[in-house]
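Structural characterization, general
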Amino acid sequence: MKIIVIGLGNFGSAVAVKLAALGHEVIGVDSIEQRVENIKDKITYAITVDCTDTTVISTLPIKDADIVVVAIGEDLGASILITALLKKFNAKRIVSRAISPIHQTILEALGIIEILNPEEDSANRFVTKITLKNVIDSLNISDEYSVMEILIPDQYVGLTLSEVDLRKKYNLNLLTIKKDIEQHFFSKSFYKSKILGVIPHDYKFEQNDILIVFGHNDDIKKWIEKTSK
């Protein structure tokens with residue numbers, strides 16, 4: 001994938017380097033020259049520009065990028081302005097970092113669905129979530145094994161656990177299933193997560209089931225890539 005990372009502080013740099021190490025084409029951008037110098041040999045391309053300038057940001061290959069990550073953490077105003085400009089220039093997919101609850105509220109008001117909270121997400125965890133389709137969350141057990149929450153592939157809906165047979169076909173273990181159940185309180189509705197516990201072999205998968213899967217990272221990646229086609 002082609003990914004632009006705007007903001008090369010500690011977190012943004014870690015994300016950019018990890019993405020580049022995975023083989024993605026990464027452009028790192030920051031207004032501070034030293035940050036760009038520190039990372040330029042570790043990613044595809046690094047440039048020093050101020051992305052709050054409309055003319056400057058318009059020169060970036062935004063339309064060609066699969067993802068633009070706004071990783072700015074120290075300047076709320078710059079983060080919001082840059083995110084708004086990316087929306088204006090029709091970036092395909094925007095992931096923005098929120099540094100406070102009010103910052104997150106503003107990003108949501110701008111229509112940003114994917115919001116990053118570095119206090120909760122490590123760089124490795126974040127990279128996994130944005131580069132593997134339908135991954136909602138992940139927990140690294142070791143360098144090789146993880147537990148991941150993954151939205152059910154469309155082709156599994158209506159099939160039973162025994163028909164899918166993740167263990168035999170993909171060497172993966174389905175630990176359990178999480179469902180977001182709609183509930184009502186007075187005139188307002190909200191969703192509450194429910195864990196189903198041990199899943200029987202005759203369980204029939206439903207739309208929007210979230211599968212909690214354990215296995216080797218390579219096996220999980222192969223499964224996701226095959227079922228997301």
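An account of the accompanying structure is given in this report. (Residues numbered from 1 in each chain as written. Predicted model: local features only at pLDDT ≥ 70, side-chain atom pairs only at ≥ 80, totals over all residues. Heavy atoms only, no water.)

**So, the overall build of the protein chain**
This is how it is decided: The helix count covers DSSP runs of H or I at least four residues long, the strand count covers runs of E at least two residues long, and both are numbered beginning at the N terminus. With a 1.4 Å probe rolled over the protein chains alone, any residue whose accessible area is under 20% of its type maximum counts as buried; one over 50% counts as exposed, and the rest are partly exposed. In what follows, residue pairs with any heavy atoms lying within 4.5 Å of each other are defined as contacts. Note that accessible areas follow from Shrake-Rupley with a 1.4 Å probe, and for residues the cover is restricted to the protein chains shown.
Secondary structure assignment for the protein chain yields 9 helices and 11 strands. Every one of the 229 residues in the protein chain was classed for burial, and the buried ones make up 43%. Contacts in the protein chain between residues far apart in sequence, at least 24 positions, make up 56% of those at least 6 positions apart. A total accessible area of about 12700 Å² is found for the protein chain, and carbon and sulfur atoms account for 51% of it.

**What to know about a nonpolar patch on the surface**
Which entries qualify depends on this criterion: Here the term patch refers to residues with relative accessible area over 30% and no salt bridge, with like charges joined within 9 Å and nonpolar side chains (Val, Leu, Ile, Met, Phe, Trp, Tyr) within 5 Å. Salt-bridge detection follows one rule: a side-chain nitrogen of Lys or Arg within 4 Å of a carboxyl oxygen of Asp or Glu.
A cluster of nonpolar side chains, namely Leu139, Ile141 and Tyr145, defines an oily patch on the protein surface of about 290 Å² accessible area. Looking at where Ile141 falls in the secondary structure, it is placed in the loop between β7 (135-140) and β8 (145-151).

**Some points on the environment of Gly77**
On the secondary structure map, Gly77 appears in helix α4 (residues 76-88). Judged by relative accessible area, Gly77 falls into the partly exposed class, the value being 44%.

**Considerations on the pattern of salt bridges**
This structure, assessed with the given rule, holds 6 salt bridges. Notably, a salt bridge pairs Lys179 with Asp209, separated by 2.5 Å at the nearest N-O pair. Taken as a pair, Lys179 in strand β9 (residues 173-185) and Asp209 in the loop between β10 (188-195) and β11 (210-216) lie far apart in primary sequence, 30 residues in all. Residue Asp209 is classed as buried on the basis of its relative accessible area of 0%. Among the charged side chains, a salt-bridge network with shared partners connects Lys179, Glu206 and Asp209.

**Re helix α1 (residues 10-21)**
Note the following rule: By this rule, a helix spans an expected 1.5 Å times one less than how many residues it contains.
A rise of 1.5 Å per residue sets the reference length of α1, with its 12 residues, at 16 Å; its end C-alpha atoms lie 17 Å apart and thus fit the reference within 8%. Burial in α1 covers these residues: Phe11, Gly12, Ser13, Val15, Ala16, Leu19 and Ala20. Once α1 ends, the next one or two residues include Gly23, with phi positive near 100 degrees.

**Quick look at the sheet that holds strand β4 (residues 67-70)**
Basically, it comes down to this: For two strands to be treated as a pair, DSSP must find no fewer than two bridges joining them. In this analysis an axis means a line fitted to C-alpha atoms, helices contributing only their contacting stretch, and an angle means the value between N-to-C directions, from 0 to 180 degrees.
Spatially, β3-β2-β1-β4-β5-β6 is the arrangement adopted by the 6 strands of the open sheet, whose pairing is parallel. Edge positions in the sheet fall to β3 (45-48) and β6 (114-116), since each has one partner strand and no second. Going across the sheet, the axis of each strand differs from the next one's by a mean of 20 degrees, ignoring polarity. Relative to β4, strand β1 (residues 2-6) runs parallel, the two sharing 4 bridges. Bridge pairing in β4 links Ile6 to Val70. Here α1 sits on the sheet and contacts β1, β2 (25-30), β5 (94-97) and β6; the angle it forms with β1, its principal contact strand, is near 165 degrees.

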